[in-house]
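# Chains, contacts and geometry: an overview
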Amino acid sequence: MVSRTVFFVIILISECGRIFAYKRKFPNNFSFGAATASYQIEGGWNASDKSENIWDDLTHNTNLVVDKTNGDVACNSYNLYKRDVEMLTELGVDFYRFSLSWSRILPTGFSEKISDDGLKYYNAIIDNLLEANVTPIVTIYHWDLPKSLQDLGGWTNPLMADYFADFSNVVFEAFGDRVKTWLTFNEPLVFCQQGYGGMGKAPALNLTGVGEYLSAHTVLKAHAKVYHLYDENFRPAQKGRISMTISGQWYEPDTDSPEDLEAALVAEQFDVGWFGHPIFSKEGDYPNAMKERIMKRSEEQGYTKSRLPEFTAEEIEYIKGTYDFLGLNHYTTYSVKANGETNFVEPSFEHDRGVKVFQEATWPSSASSWLKVVPWGFTKMLKWIRSNYANPEVMVFENGFSDNGTTDDQDRINYHRLYLNAMLDAVDSGCNITAYTVWSLMDNMEWLRGYTELFGLYRVDFNDTERKRTPKSSAFYYRDVIKDRAVEHVKNKDDDDFDISLLL
Ligand code: PNW
């Protein structure tokens, strides 16, 4: 009898342990979502009066996409958006983050002609979402510039700030009665660095050392212009919020030598700091690490002035503080070593940054060469933001894992479980994080990787003309996380020994 009682007590304790200790709750009012982007899912590339954008141009006229595919049909969300909304309902997400195709809404790129069908399409999505009780969160620009504007220089043309404000004005007027969270740009670092500096994204100009800095300069001004436009002309009546979502990966010093610590600091400033410092820091402007390095290299290379354009004092003030929260897209971590080399003859982003960046062979991989599973880097990234930008409200707008498309995607489940725990570690240490978003709702066109690296919670059958969507195991997993508002507790690699102040 005694032993039976003891047995029951043990069972009771272990059950309580399972229920209470191993599930971590998310903060009250925390919200969950899933994300996509127009070019990657919509298709309908020439539907109605839509004009060509730079991704139509790149996929149709170059061989840069590894599997020679394009987004002409993609997930066909142009026609299947109702099924997308149904999937979001199945997941039980609080919000859906999607982007607008500029050339679908403004076929000439300019606002003198607004497409009725373009507006109709996004109105239908927004209305369907609201009916399903899913909050729309809209990215105004997720990389698909009208070709007509690229022909005028794209983001290297300073007047793009005005054209972007005109486009934004149209969409605030059209959708702002129902859309209350806006993102001006998705990850400008990625399209400026890879699209203007390199050939990894459209427009694939490969003008490193100059192109990425010029385009980024316009993007920062364009963002600020649109923030002020919303703030002054729309916020009073529409009462929404607006910011940018920036990519921020973590840069871990290879050793704790002062040189490697300095190298990691520089790498972080050339990443999250490039767009983060001008907008979210107390001082504004580009980070000193960028200004100093690019100036020094430019002088050594014989330029008359820095290849990094300068902001005027007014511009610094105009850009600083143009956010209502900080949008963060985080995927992975890099190791960083000081670079002994001093012979930086060629002007380039790599030479300006001047550090060695790599990833450890022991870090678990994904289908994407750059994406390793390093959850503790997410915690450190969030703590870094807290310390450097005065603990802003952070909304995580992308986090995800790629594989080859299997429906029993245990590796994706594992990634999200680890990264959600890493995020909660940051919450526990005082970071103000209010939202988490899975990239992506469904498999889609992964830019130059075509359909070879898939991030979806739903599988899309790209061989089926109906583009049938099927939930993967990760969809059920995420549905349960959202339902429970909790995640199983897993302990990430102990990072107690990490002194964040070393990187401040
Ligand atoms: C994001 N990195 O891009 C984009 O916002 C999505 O459109 C894209 O599909 C998704 O991530 C997956 O690639 C990134 O090198 C590209 O760290 C590169 C990096 C991060 C994000």
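Residues numbered from 1 in each chain as written. Predicted model: local features only at pLDDT ≥ 70, side-chain atom pairs only at ≥ 80, totals over all residues. Heavy atoms only, no water.

## Focus: the overall build of the chain
- Scanning the chain from terminus to terminus reveals 17 helices and 15 strands.
- Out of the 504 residues belonging to the chain, those deemed buried represent 59%.
- Accessible area for the chain stands at about 19,900 Å²; split by element, carbon and sulfur atoms hold 52% of it.
- The average position of the 50 basic charges and that of the 72 acidic charges among the side chains of the chain differ by 4 Å. (Helix = DSSP H or I, 4+ residues; strand = E, 2+ residues; numbered from the N terminus. Buried < 20%, exposed > 50% of the residue type's maximum accessible area, 1.4 Å probe, protein only. Areas by Shrake-Rupley, 256 points an atom, 1.4 Å probe, with all protein chains shown as cover. Lys, Arg positive; Asp, Glu negative; His and termini not counted. Charge placed at Lys NZ, Arg CZ, Asp CG, Glu CD.)

## Quick look at a nonpolar patch on the surface
- Side chains of Val 210, Leu 214 and Tyr 303 sit close together on the surface and give an oily, nonpolar patch of about 220 Å² of accessible area.
- Looking at the element boundaries, Tyr 303 is found in the loop between helix H12 (288–300) and helix H13 (313–319). (Patch = residues over 30% accessible without salt bridge, like charges linked within 9 Å, V, L, I, M, F, W, Y side chains within 5 Å. Salt bridge = Lys/Arg side-chain N within 4 Å of Asp/Glu carboxyl O.)

## A few points about the confidence of the model for the chain
- Put simply, the chain has an average pLDDT of 95, and 93% of its residues get 70 or more.
- A low-confidence stretch, residues 496–504 (pLDDT under 50), is modelled with 17 contacts involving residues beyond four sequence positions or located in other chains. (pLDDT = per-residue confidence, 0-100. Contact = heavy atoms within 4.5 Å.)

## A closer look at the environment of Phe 164
- In this fold, Phe 164 is placed in helix H8 (residues 160–175).
- Spatially, the C-alpha atoms of Phe 164 and Asp 352 are 29 Å apart, while their sequence positions differ by 188 residues.
- Non-local contacts of Phe 164, meaning those with residues more than four positions away in its chain, are made with Trp 102, Ile 140, Tyr 141, Trp 155, Thr 184, Phe 185, Ala 222 and Val 226.

## Looking at the sheet that holds strand S7 (residues 250–253)
- The three strands are arranged S7-S9-S10 in an open sheet whose pairing can be described as mixed. The outermost strands of the open sheet, each flanked by one partner alone, are S7 and strand S10 (355–358). Shown here is a sheet whose adjacent strand axes are inclined to one another by a mean of 35°, direction ignored.
- Pairing of strand S9 (residues 333–338) with S10 involves four bridges; the strand directions are antiparallel. Bridged to Lys 337 within S10 is Lys 356.
- With respect to the sheet, helix H15 (residues 375–388) is in contact with S7 and S9, its orientation differing from that of S7 by roughly 100°. (Pairing = 2+ DSSP bridges. Axes fitted to C-alpha atoms, helices over the stretch in contact; angles between N-to-C directions.)

## Notes on the packing of H15 against helix H16 (residues 410–428)
- Packing of H15 against H16 leaves a shortest axis separation of 8 Å and a crossing angle of 30°. Considering the angle they form, H15 stands roughly parallel to H16. The handedness of the crossing between H15 and H16 is right-handed. Listed contacts from H16 to Pro 375, Phe 378, Thr 379 and Leu 382 of H15 are Leu 418, Tyr 419, Ala 422, Met 423, Asp 425 and Ala 426.
- Here the residues of the contact of H15 with H16 sort into eight nonpolar, one polar and one charged. (Parallel < 35°, antiparallel > 145°, perpendicular 65-115°, else oblique. Left-handed = near helix turned anticlockwise from the far one by under 90°. Nonpolar A, V, L, I, M, F, W, Y, C, P; charged D, E, K, R; others polar.)

## With respect to the site of the ligand
- Around the ligand, a shell composed of 14 residues is seen, among which Gln 40, His 142, Asn 186, Glu 398 and Glu 446 lie nearest.
- Interatomic distance of 3.4 Å between a side-chain N/O atom of Gln 249 and an oxygen atom of the ligand.
- For the ligand, whose accessible area on its own is 450 Å², the fraction buried by protein is 93%.
- Its residues assigned to classes, the shell around the ligand shows seven nonpolar, four polar and three charged. (Near = heavy atom within 4 Å. Polar contact = N/O pair within 3.5 Å; in protein donor to acceptor, adjacent residues only side chain to side chain.)

## Structural notes on helix H6 (residues 116–131)
- Helix length check: H6 (16 residues) gives 22 Å between terminal C-alpha atoms against 22 Å at 1.5 Å per residue, within 8%.
- Every buried residue belonging to H6 is among Gly 118, Leu 119, Tyr 121, Tyr 122, Ala 124, Ile 125, Ile 126 and Leu 129, and all of these are buried.
- Those residues of H6 hidden inside the fold are in contact with helix H2 (38–41), helix H4 (77–91), strand S3 (95–99), helix H5 (102–105), strand S4 (135–141) and H8.
- Asn 133 sits one or two positions beyond H6 and adopts a positive phi of about 65°. (Expected span 1.5 Å × (residues − 1).)

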